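Commentary on secondary and tertiary structure
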Amino acid sequence: MSVVTLTIDDKLVSAPANTSLLSSIQEQGIDIPTLCHLKGLSERGGCRLCVVEMEGNPRLFASCVTPVAEGMVVRTNTAKLLKYRQMMIELLMAQRNHVCAVCVQNGHCELQTLAAKLGVTSVRYDYMCPDLPMDASHERYVIDHNRCILCARCIRVCDEVEGAHTLDMGGRGVQSRVIAGMNQPWGTSRSCTGCGKCVQVCPTGALFKKGSSAAEMVKQHDFLTWILDGREKKIWHWR
Amino acid sequence: MATSTNSKARLATVWLGGCAGCHMSLLDLDERIVDLLALVDLVYSPVADIKKFPEGVDVTLVEGACCNSDNIHMAREIRLKSKQVVSFGDCAITGNVPGMRNRLKVENILSEVYADGPGPAPPAQGGLPVLLAKVLPLHQVIPVDVYLPGCPPSPERIWLAVTAMLKGEPVELPAEMRTLG
């Protein structure tokens, strides 16, 4: 395994070649915001919150989908990055209907927490207020498109970990929607095993257990580490 | 109320399109209300019987979103007469629950609630403020100086923000006190 040396926030670090810049940054104990990234799933580069500045290049790089390279010089926490990260959060808030006060995930939501952490106090853009449906046809779970940020964690966990690939992305651009089966009511999909992994990895209140009321939905995704460490490394985290 | 020395700051609180929960949370300052009233004159508020928004207000807390023409008029008057305007709670900041009607057409809401619903429909013209096509957050109507999030903001958030403003300091709430919802 070859090793490369790079500079992260003025500190020289080494990392195995072909690994992501994000993993090196996190290994340094640097707290970098992420939303679509989830340890155990493939990277998507969708939310762009993990962007970094790269010396010698004017554009920003999403660190989750940028491999480390020899001599790379990156900055993870600058005024410019904060400005862009705030804009991204605001755009996410403006795109769908995120009404925290009445959301099942109020108080446990990654979008809500990140907005507060990054100092997003208000949204400068016009809210799009799209007329979006909820699909409560599944016997145990509900998808509420109003809260979806299209991070695709649910789609990836369904495909990569559960192996069912019931969920996928339909439409394009602002019309994109998480769909079940052949864009049919979730409850009628025959491939869904009802495992609920999609629900547990969802960062917002877009996926939740039926019967959850405001602020009642708490999620945990450490099961991903248990499953993947067992499957790939034969390490079993019995508790 | 509002009759003591000139050295006190002039505080106003306003209730636009919201549920009054933010004002309930203000009252939940409990005994600190006494401390607050030692620092300010409350010159306008739903909890004080004052009919007209006064001139020369130092800090105005605005609860609620702008839902109708009356809210817009009031917001503009507040801005003209206040040194600092606070978006007080989620409805003022995002539109929040009142804004949930924004995906619907106003005509459909009015006909479903009033014309098709029980009881007499309100007069089509005359007297009542006109509903806006979309509920607006306060900062889309007037410039806002401070955002105080929460549904409602906890008394602790209110106390921190208001006391900082009265001291002329910037409002810097810790991250866990900046969450919406």
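Note: the structure precedes this text.
My aim in this report is to walk through the structure given alongside it, one point at a time. Given the structure is predicted, the values throughout are model-derived calculations rather than measurements.

Once that is clear, we can look at the layout of surface pockets. One number sums up the size of the largest pocket: a volume of about 590 Å³. Around the largest pocket, the lining is made up of 34 residues, and of these A:Asn97, A:His98, A:Val99, B:Gly99 and B:Met100 lie nearest the centre. Where the lining of the largest pocket is concerned, the elements lending two or more residues are α4 (90-94) and β6 (131-136) of chain B. Among the elements that make up the lining of the largest pocket, the one with the highest residue count is β6(B) (three residues).

Another point: the packing of helix α4 (residues 153-162) of chain A against helix α6 (residues 223-233) of chain A. Residues and elements named next belong to chain A. Running from N to C, α4 and α6 cross one another at 30°; their axes reach a closest spacing of 12 Å. With respect to each other, α4 and α6 are oriented roughly parallel. Here α4 runs over α6; the crossing is left-handed. For the pair α4 and α6, contact is made by Val 157, Glu 160 and Val 161 and by Leu 224, Ile 227, Leu 228 and Arg 231, respectively. Among the residues making up the contact of α4 with α6, the classes are represented as five nonpolar, no polar and two charged.

This part covers a negative patch on the surface. A surface patch of negative charge is lined by B:Asp28, B:Asp30, B:Glu31 and B:Asp35. Relative to the helices and strands, B:Asp28 resides in the loop between α1 (21-27) and α2 (32-39).

It is worth spelling out the packing of aromatic side chains at this point. We describe a pair of aromatic rings using the distance from one ring centre to the other and the angle between the two ring planes. Taken as a whole, this structure holds two aromatic pairs over all chains when the rule is applied. The ring of A:Phe61 carries A:Arg59 above its face, with NZ or CZ at 4.1 Å from the centroid.

This part covers the nonpolar core. In this structure, A:Leu35, A:Leu49, A:Ile89, A:Leu111, B:Phe53, B:Cys66 and B:Leu138 are the most contacted members of the largest nonpolar core, which totals 47 residues. Within the residue set of this core, elements represented by two or more residues are α2 (79-95) and α3 (110-117) of chain A together with β1 (9-15), β2 (40-44), β3 (57-63), α3 (69-81) and α4 of chain B. With six residues, the single largest contributor to this core is α2(A). Two domains each provide a minimum of three residues to this core, namely domain 1 (3-77) and domain 2 (85-216) of chain A. Counting 29 residues, the second largest nonpolar core, distinct from the first, contains A:Val104, A:Cys148, A:Val161 and A:Val201.

The next point concerns the pattern of salt bridges. Between side chains of opposite charge, pairing is possible as soon as their charged atoms come close. Tallying each qualifying case throughout the model produces 15 salt bridges over all chains. With a closest N to O distance of 2.7 Å, A:Arg75 and A:Asp10 form a salt bridge. Within this pair, whereas A:Arg75 is found in strand β5 (residues 73-75), its partner A:Asp10 is found in the loop between β1 (3-8) and β2 (11-16), the two being separated by 65 residues in sequence. One salt-bridge network, in which partners are shared between bridges, spans B:Lys52, B:Glu55, B:Glu77 and B:Lys81.

Residues and elements named next belong to chain B. Here we have five strands laid out as an open sheet, ordered β2-β1-β3-β5-β7, and parallel in their pairing. Looking along the sheet, the strands with just one partner apiece sit at the ends: β2 and β7 (146-148). Each neighbouring strand pair of the sheet contributes to a mean axis angle of 25°, computed without reference to strand direction. In terms of strand pairing, β1 meets β2 through four bridges, oriented parallel. Looking at the pairing, Arg 10 lines up with Asp 41 of β2.

The interface is formed by 18 residues belonging to chain B together with 20 residues belonging to chain A. Roughly 1,600 Å² is buried in total at the junction of chain B and chain A, and carbon and sulfur atoms are behind 60% of that figure. When residues of chain B are sorted by the area they lose upon contact with chain A, B:Arg103, B:Arg178 and B:Leu180 head the list and together hold 32% of the total. Linking chain B to chain A there are one salt bridge. We note a salt bridge from B:Arg103 to A:Asp131, for which the minimum N-O separation is 2.4 Å. Where chain B meets chain A, there are seven residue pairs in polar contact (both at pLDDT 80 or more). A class-by-class count of the residues in the side of chain B that touches chain A yields eight nonpolar, seven polar and three charged.

All names here are of chain A. Note that strand β8 (residues 167-170) and strand β9 (residues 177-180) share four bridges and pair antiparallel. The residue of β9 that forms the bridge with Asp 168 is Ile 179. The loop that links β8 with its antiparallel partner β9 comprises six residues; one of these, Gly 171, has a positive phi angle of about 80°.

Each value, and the rule that gives it
Residues numbered from 1 in each chain as written. Chains lettered and ligands numbered in written order. Predicted model: local features only at pLDDT ≥ 70, side-chain atom pairs only at ≥ 80, totals over all residues. Heavy atoms only, no water. 1 Å grid on protein atoms, 1.4 Å probe; cavity = no way out; pocket = protein on both sides within 12 Å on 5 of 7 lines; lining within 4 Å. Points joined across faces, edges and corners; volume = space filled by probe spheres on them. Helix = DSSP H or I, 4+ residues; strand = E, 2+ residues; numbered from the N terminus. Axes fitted to C-alpha atoms, helices over the stretch in contact; angles between N-to-C directions. Parallel < 35°, antiparallel > 145°, perpendicular 65-115°, else oblique. Left-handed = near helix turned anticlockwise from the far one by under 90°. Contact = heavy atoms within 4.5 Å. Nonpolar A, V, L, I, M, F, W, Y, C, P; charged D, E, K, R; others polar. Patch = residues over 30% accessible without salt bridge, like charges linked within 9 Å, V, L, I, M, F, W, Y side chains within 5 Å. Areas by Shrake-Rupley, 256 points an atom, 1.4 Å probe, with all protein chains shown as cover. Salt bridge = Lys/Arg side-chain N within 4 Å of Asp/Glu carboxyl O. Lys, Arg positive; Asp, Glu negative; His and termini not counted. Charge placed at Lys NZ, Arg CZ, Asp CG, Glu CD. Phe/Tyr/Trp six-rings, centres within 6.5 Å; stacked < 30°, edge-to-face > 60°. Lys NZ or Arg CZ within 6 Å of the ring centre and 35° of its normal. Core = buried A, V, L, I, M, F, W, Y, C linked by side-chain atoms within 4.5 Å. Buried < 20%, exposed > 50% of the residue type's maximum accessible area, 1.4 Å probe, protein only. Domains from an automatic or database assignment. Pairing = 2+ DSSP bridges. Buried area = accessible area lost by both parts, 1.4 Å probe. Polar contact = N/O pair within 3.5 Å; in protein donor to acceptor, adjacent residues only side chain to side chain.

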